[in-house]
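Chains, contacts and geometry: an overview
What follows is the residue order along each chain.
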Amino acid sequence: MKHPKNDDLYKGLKVNKGVADAPTVNPYLKKRLRRTEYTPAEFVEGILKGNITILSQAVTLVESARQEHQQVAQEIIEKCLPYAGNSIRIGITGVPGAGKSTSIDAFGMQLLNEGKKLAVLAIDPSSERSKGSILGDKTRMEELSREKNAFIRPSPSAGSLGGVARKTRETIVLCEAAGFDSVFVETVGVGQSETAVHSMVDFFLLIQLAGTGDELQGIKRGIMEMADGIIINKADGDNIEKANLAASQFWNALHLFPMPDSGWTPKVLTYSGYYKLGIKEIWDMVNEYVAFTKQNGYFSLKRNKQAKYWMYESINDTLRDTFYHNPAVEGLLKETERKVLNNELSSFIGAKQMIDVFLNDLSCK
Ligand code: GDP
């Protein structure tokens, strides 16, 4: 029978008669669709084999706020831990427009050309404002995003800085277990997130721009103090001289700081991420730092310190969450706050009363 839409009225739109049940084009499709859930052991096996799809799904579990996802995620992380730790972790920060994505693309390609495998992660607690697209968005790293040895993951979506940072730290473990030997953790250089990144990387790179001669003013001293390398981007064309001037200003400023615990004197380099000039030198610096701190023992000392830091961070986070989600506390918190605001209670007595409520509630359970 002729399909009604094969009428002259629909000329040019030839519609063929369909079949009752179309044959499966891809015999594996059904099977895969059903297999959306793996057991923790299957996740671990996939990750250790370097299966990127499974790695991504595991990271999604790490990022999930759901209790049952967290349970599976923690089991996967625990099993991956013995295979983690073998990468060089590099923190990269700079204000928006400094050229982070352009530079990460260039640095990343340099590493891949050396035969490395790179994971690019991000910490951006404010990402909800931009629907998660500020950091880690694949389109920002055009070259890298096409490479099979690069794994680019946007920042976990907005939450407390501590929570977002913890998820990124756990993701590092999974990436390392999957065979990534280089990890970048990117953050916007505008707030507290540098401290979080600093506490999970081996080397901290600060990207700066040459400006009008007063570039040092805008940078928080604390961020400069954390940097193992300051790199001045956009040293190309007319900007080269300005970049060199900025470099010497940074160099002078760095010398006023006390010697870092690592014993490493931070370096200042100029480069162009866009034109890929001076990239190898940056990599030589990172390698030199790694060799230097491995030799003087600081490399593993720092990692141990970080592991301890994250244990306490995790305890603090869990305690805080349990406290604020406790129904007895939730029921009285606003009232206690009101009393403090009306000077009926001091802040400290108010706090003590709430903690007592919490502890009493726990002991009754
Ligand atoms: P981000 O916000 O820190 O990630 O910065 P982007 O990588 O998006 O770069 C911001 C702008 O600076 C873009 O227009 C880039 O093309 C430009 N840019 C980045 N690196 C360089 C460079 O090395 N030289 C020049 N001239 N421009 C650059």
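This text follows the structure it describes.
Overview of the structure. (Residues numbered from 1 in each chain as written. Predicted model: local features only at pLDDT ≥ 70, side-chain atom pairs only at ≥ 80, totals over all residues. Heavy atoms only, no water.)

**A short note on a nonpolar patch on the surface**
Side chains of Met-311, Tyr-312, Ile-315 and Leu-319 sit close together on the surface and give an oily, nonpolar patch of about 390 Å² of accessible area. Looking at where Leu-319 falls in the secondary structure, it is placed in helix 11 (residues 298–324). (Patch = residues over 30% accessible without salt bridge, like charges linked within 9 Å, V, L, I, M, F, W, Y side chains within 5 Å. Areas by Shrake-Rupley, 256 points an atom, 1.4 Å probe, with all protein chains shown as cover. Salt bridge = Lys/Arg side-chain N within 4 Å of Asp/Glu carboxyl O. Helix = DSSP H or I, 4+ residues; strand = E, 2+ residues; numbered from the N terminus.)

**Structural notes on the site of the ligand**
Neighbouring the ligand are 15 residues, the closest being Gly-97, Lys-100, Ser-101, Thr-102 and Asp-236. Here an oxygen atom of the ligand sits 2.6 Å away from a polar atom, N or O, in the side chain of Thr-102. Take Asn-233: an N or O atom from its side chain is 3.0 Å from an oxygen atom of the ligand. A total of 570 Å² of accessible area belongs to the ligand in isolation, and the protein chains cover 68% of it. The biggest single contributor to the shell around the ligand is helix 5 (residues 100–113), with three residues. (Near = heavy atom within 4 Å. Polar contact = N/O pair within 3.5 Å; in protein donor to acceptor, adjacent residues only side chain to side chain.)

**Here we look at the nonpolar core**
By size, the foremost hydrophobic cluster in this structure holds 52 residues, and its most contacted members are Ile-47, Ile-76 and Leu-174. For this core, the leading source of residues is helix 6 (residues 161–177), giving seven residues. When neighbours within four sequence positions are excluded, Ile-47 is seen to be in contact with Ile-54, Leu-55, Ala-58, Ile-76, Cys-80, Leu-174, Ala-177 and Ala-178. (Core = buried A, V, L, I, M, F, W, Y, C linked by side-chain atoms within 4.5 Å. Buried < 20%, exposed > 50% of the residue type's maximum accessible area, 1.4 Å probe, protein only. Contact = heavy atoms within 4.5 Å.)

**Focus on the sheet that holds strand 7 (residues 267–270)**
Within a sheet, each strand pairs with its neighbour through backbone hydrogen bonds, oriented either parallel or antiparallel. Pairing within the open sheet is parallel, and its seven strands lie in the order 3-2-4-1-5-6-7. Sheet topology places strand 3 (150–152) and strand 7 at the edges, where each strand pairs with a single neighbour. Neighbour to neighbour, the strand axes of the sheet diverge by 20 degrees on average, direction disregarded. Relative to strand 4 (residues 182–188), strand 1 (residues 88–94) runs parallel, the two being bridged by seven bridges. (Pairing = 2+ DSSP bridges. Axes fitted to C-alpha atoms, helices over the stretch in contact; angles between N-to-C directions.)

**Brief notes about the pairing of strand 1**
Burial within strand 1 is extensive, with six of its seven residues counted as buried. Examined bridge by bridge, strand 1 and strand 5 (residues 203–209) share four bridges and lie parallel to one another. By the bridge assignment, Thr-93 is partnered in strand 5 with Leu-206.

**A word on helix 11**
Its 27 residues give helix 11 an end-to-end C-alpha distance of 38 Å, which sits within 8% of 39 Å, the value for a rise of 1.5 Å per residue. For helix 11, every residue scored as buried is listed here: Tyr-298, Phe-299, Lys-302, Arg-303, Gln-306, Trp-310, Asp-317 and Phe-323. Structurally, helix 11 contributes buried residues whose contacts are with strand 1, helix 6, helix 7 (193–198), helix 10 (279–296), helix 12 (327–341) and helix 13 (347–363). (Expected span 1.5 Å × (residues − 1).)

**Observations concerning the environment of Glu-176**
Topologically, Glu-176 is positioned in helix 6. The buried category is assigned to Glu-176, whose relative accessible area is 5%. As a C-alpha pair, Glu-176 and Tyr-83 span 93 residues in sequence and 7.1 Å in three-dimensional space. Sequence-distant contacts of Glu-176, that is, excluding residues within four places in its chain, are made with Tyr-83, Ala-84, Gly-85, Asn-86, Ser-87, Arg-89 and Val-183. A polar atom in the side chain of Glu-176 sits 2.5 Å from the backbone nitrogen of Gly-85.

**So, helix 13**
Between its terminal C-alpha atoms helix 13 stretches 24 Å, which fits the 24 Å expected from 17 residues at 1.5 Å a residue. Of all the residues in helix 13, the buried ones are Gly-350, Met-354 and Phe-358. Summarising the axial view, the buried residues of helix 13 lie within an arc of 75 degrees, below the 170-degree limit, and thus occupy one face. What points out from helix 13, more than 90 degrees from its buried face, is the exposed set Phe-348, Lys-352 and Ser-363. Along its buried surface, helix 13 packs onto helix 11 and helix 12. (Arc of directions from axis to C-beta.)

**Observations regarding the environment of Gln-208**
Among the secondary structure elements, Gln-208 is positioned in strand 5. Residue Gln-208 is classed as buried on the basis of its relative accessible area of 11%. For Gln-208 and Phe-250, which are 42 residues apart along the polypeptide, the C-alpha to C-alpha distance reads 9.7 Å.

**Describing the pairing of strand 7**
Pairing geometry for strand 6 (residues 229–233) and strand 7, over four bridges, is parallel. Among the inter-strand pairings, Ile-232 is bridged to a residue of strand 7, identified as Thr-270. Read from strand 6 through helix 9 (residues 240–254) to strand 7, the crossover connection turns out right-handed. (Right-handed = clockwise from strand over helix to strand, strands pointing away.)

**Side note on unusual backbone geometry**
One non-glycine residue, Lys-234, adopts positive backbone phi at about 65 degrees. For Lys-234, the location among the structural elements is in the loop between strand 6 and helix 9.

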